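# Geometric and topological summary
What follows is each chain in one-letter form.
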Amino acid sequence: MPKAGKYKSVVCGLMLFALGLISLFTGHVVSDLEYYSQRLVRHSWFYKLDVGYRTPIDIWKSRYSKFYYRCSERGNHFAPPVLQQLSNGYLLIGTSGGLNQQRTGITDGVVVARILNATLVVPELDHHSFWKDDSDFIDIFDVDWFISFLAKDVPIVKRVPDKVMRSMEKPPYTMRVPRKSEPDYYLDQVLPILLRRRVVQLTKFDYRLTNKLDEELQRLRCRVNYHALRFTKPIRNLGLRLVMRMRKMARRFIAVHLRFEADMLAFSGCYFGGGDKERHELGEIRKRWSTLPEPSPDEVRQRGKCPLTPHEVGLMLRALGFKNDTYLYVASGDIYGGDDTLRPLRELFPNFYTKEMLAAEELDPFIPFSSRLAAIDYIVCEESDVFVTNNNGNMAKILSGRRRYMGHKRTIRPNAKRISALFMHRKKMSWDKFAEKVKSCQRGFMGEPDEMKPGRGEFHEYPSSCICRNFSAFYEEKHRHNEDQTLEEVPFSLDTNSRYKYGDDKPKTHVKELGTTKGTASVLEIADDDEFFAN
């Protein structure tokens, strides 16, 4: 055989061998990506109690929530608020957007009043947004509770005193500050005007304060958002009645927040399989925003920017391990496509309920007011055992933060980029393989305490300054763990009926459980034996 022919044969053989190795590796890389990535990062202090990093997740609650507690109290050096008569003036806040977007504006407005040593006037809600809700602050929130709860933080009044208004030569000065402004901006740009004019109004006030503040101001944010902003009694009563009705039917339930309204889908630029009819309808709505680019729907989906459909949410939940007898409370507006769009989710979870189904005529007084309806959904979602969202909007962020603050209640948000890729290739794999990959890619998106490094992420979603470590609970658990379990080294050869799973077939020292442990995790996998025994 000529040398050239031998050379080509060798090259082809090497290429085939390399392809074989790649196929062997890639068969496992997706499902085990989370495992390998965890081996490369430093884990939270409570992981020392675990016998491995691949311990199965309890889909209903976090095992680690007891190691944290909320801490938004005022510090010893937090100065008392200035008296109203001695304050630098009156601050008017005009919020923007829907209920939860306005909630962020109210929260930050209190903090800005504190920064400026100003008296806050009860904020005005937005009556001109897409939702067209005429509700005022007093219609949604308990205004007297709001004022009294924050009395040690900021002076708050319901309106600017008549005496002050009569003494003003000009109407209140109106301005809009840049988004994510630093405290220095307010001190340099807003305070001089406030001192000169006595009353300043900040308009379109949503996300107008930086995400990063000192700890005392961050904790003030938490006191406002999680304590002072209490809904009115009629809203609270109806919301809690719906929770009680869900609890009578099931010991625990999931609340799913679906953003799948036509305007939201049009804004996203995604395609959801509805053919020419969908393209025409959403295209007409999209014309409202003349400055929006025209992206490729496939590219948007590949970037993980498309909300999951109700069907995809149902498939994700079933893949994670929720059974079809699980009870669902679905919080949503007008779903694009109506019952036809919701039917696949209902088939996956027949125990499907909404506020309209649970409340009937009790809901009638609230129906003309979208923000009050959203407040009722907010209460049920907050009280649910598991909260799931198909989007990363304001309600999803605000509720995620609140549930972290209230004890890291299980909160599931899609790992949008990776799970969108899975759905695009779902028909090419078995259900078991699909479920395995969903569980893998959702690691880090299940509402566990250590999912985001403190100080990172949006503060309203990750209120790290208001969540403290409970070291006493950690050491108590460690002591109990040592008493409940006796660890001894055993050879690799175990009975074939052993309920322990190992990552490979190489002989090594493993852990044998002689005692009993509480909890749902029954499968143990040792990530690093030496590190475990050292700990």
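The rules we used
- Residues numbered from 1 in each chain as written.
- Predicted model: local features only at pLDDT ≥ 70, side-chain atom pairs only at ≥ 80, totals over all residues.
- Heavy atoms only, no water.
- Salt bridge = Lys/Arg side-chain N within 4 Å of Asp/Glu carboxyl O.
- Helix = DSSP H or I, 4+ residues; strand = E, 2+ residues; numbered from the N terminus.
- Buried < 20%, exposed > 50% of the residue type's maximum accessible area, 1.4 Å probe, protein only.
- Pairing = 2+ DSSP bridges.
- Right-handed = clockwise from strand over helix to strand, strands pointing away.
- Disulfide = S-S within 2.5 Å.
- Axes fitted to C-alpha atoms, helices over the stretch in contact; angles between N-to-C directions.
- Parallel < 35°, antiparallel > 145°, perpendicular 65-115°, else oblique.
- Left-handed = near helix turned anticlockwise from the far one by under 90°.
- Contact = heavy atoms within 4.5 Å.
- Nonpolar A, V, L, I, M, F, W, Y, C, P; charged D, E, K, R; others polar.

All right, on to the pattern of salt bridges then. The full count for this structure, using the stated rule, is 27 salt bridges. Among the ionic pairs, Glu 215 bridges to Arg 219, the shortest N-O distance being 3.8 Å. Linking Glu 215 with Arg 219, this pair stays in helix α7 (residues 215-228), spanning four residues, or about one helical turn. Note on Glu 215: relative accessible area 46%, which makes it partly exposed. Between Arg 279 and Asp 276 there is a salt bridge; the shortest N-O distance is 3.4 Å. In this pair, Arg 279 and Asp 276 are both assigned in helix α10 (residues 275-286), three residues apart and thus about one turn of the helix distant. Overall, the relative accessible area of 48% leaves Arg 279 in the partly exposed class.

Glancing now at the pairing of strand β10 (residues 386-389). A two-sided burial pattern is seen for β10, the buried positions comprising Val 386 and Val 388 on one face and Phe 387 and Thr 389 on the other. In terms of strand pairing, strand β7 (residues 253-258) meets β10 through four bridges, oriented parallel. By the bridge assignment, Val 256 is partnered in β10 with Val 388. Inspection of the sheet shows β10 paired to strand β11 (residues 411-412) by two bridges, in the parallel sense. The partner of Val 388 across the bridge, within β11, is Ile 412. Between the parallel pair β10 and β11, the chain is carried across by helix α16 (residues 394-405), and the sense of this crossover is right-handed.

With that settled, the discussion passes to the state of the cysteines. As used in these notes, a disulfide is a covalent bond between sulfur atoms, one from each of two cysteines. Taken as a whole and assessed by the stated rule, the structure comprises three disulfides. In this model, Cys 222 is linked to Cys 466 through a disulfide, with the two sulfur atoms separated by 2.0 Å. Measuring handedness by torsion sign, the sulfur bridge of Cys 222 and Cys 466 sits at about 95° and is right-handed. Taken together, the residues span a long stretch of sequence, with Cys 222 in helix α7 and Cys 466 in the loop between α18 (431-441) and β12 (467-469) at a distance of 244 residues. Accessibility expressed as a relative area gives 1% for Cys 222, which makes it buried. Residue classification places Cys 466 among the buried residues on the basis of a relative accessible area of 0%. Sulfur-sulfur distance for the disulfide between Cys 270 and Cys 306 comes to 2.0 Å. Handedness here is read from the sign of the S-S torsion; for Cys 270 and Cys 306, about -100°, the answer is left-handed. Residue Cys 270 is located in the loop between α9 (262-268) and α10, and its partner Cys 306 is located in the loop between α11 (297-302) and α12 (310-320); the two are separated by 36 residues in the primary sequence. By the burial criterion, Cys 270 is buried, and Cys 306 matches it. For the protein chain, the bonded cysteines connect in the pattern 1-6, 2-5, 3-4 when numbered consecutively along the sequence.

This paragraph deals with the packing of helix α2 (residues 99-116) against α7. Packing of α2 against α7 brings their axes to within 9 Å, and their N-to-C directions diverge by 135°. Classified by the angle between their axes, α2 and α7 sit oblique to one another. Crossing hand, α2 versus α7: right-handed. Where α2 approaches α7, its residues Arg 103, Ile 106, Thr 107, Asp 108, Val 110, Val 111, Arg 114 and Ile 115 are matched on the opposing element by Leu 217, Leu 220, Arg 221, Val 224 and Asn 225. For the contact of α2 with α7, a count of residues per class yields seven nonpolar, two polar and four charged.

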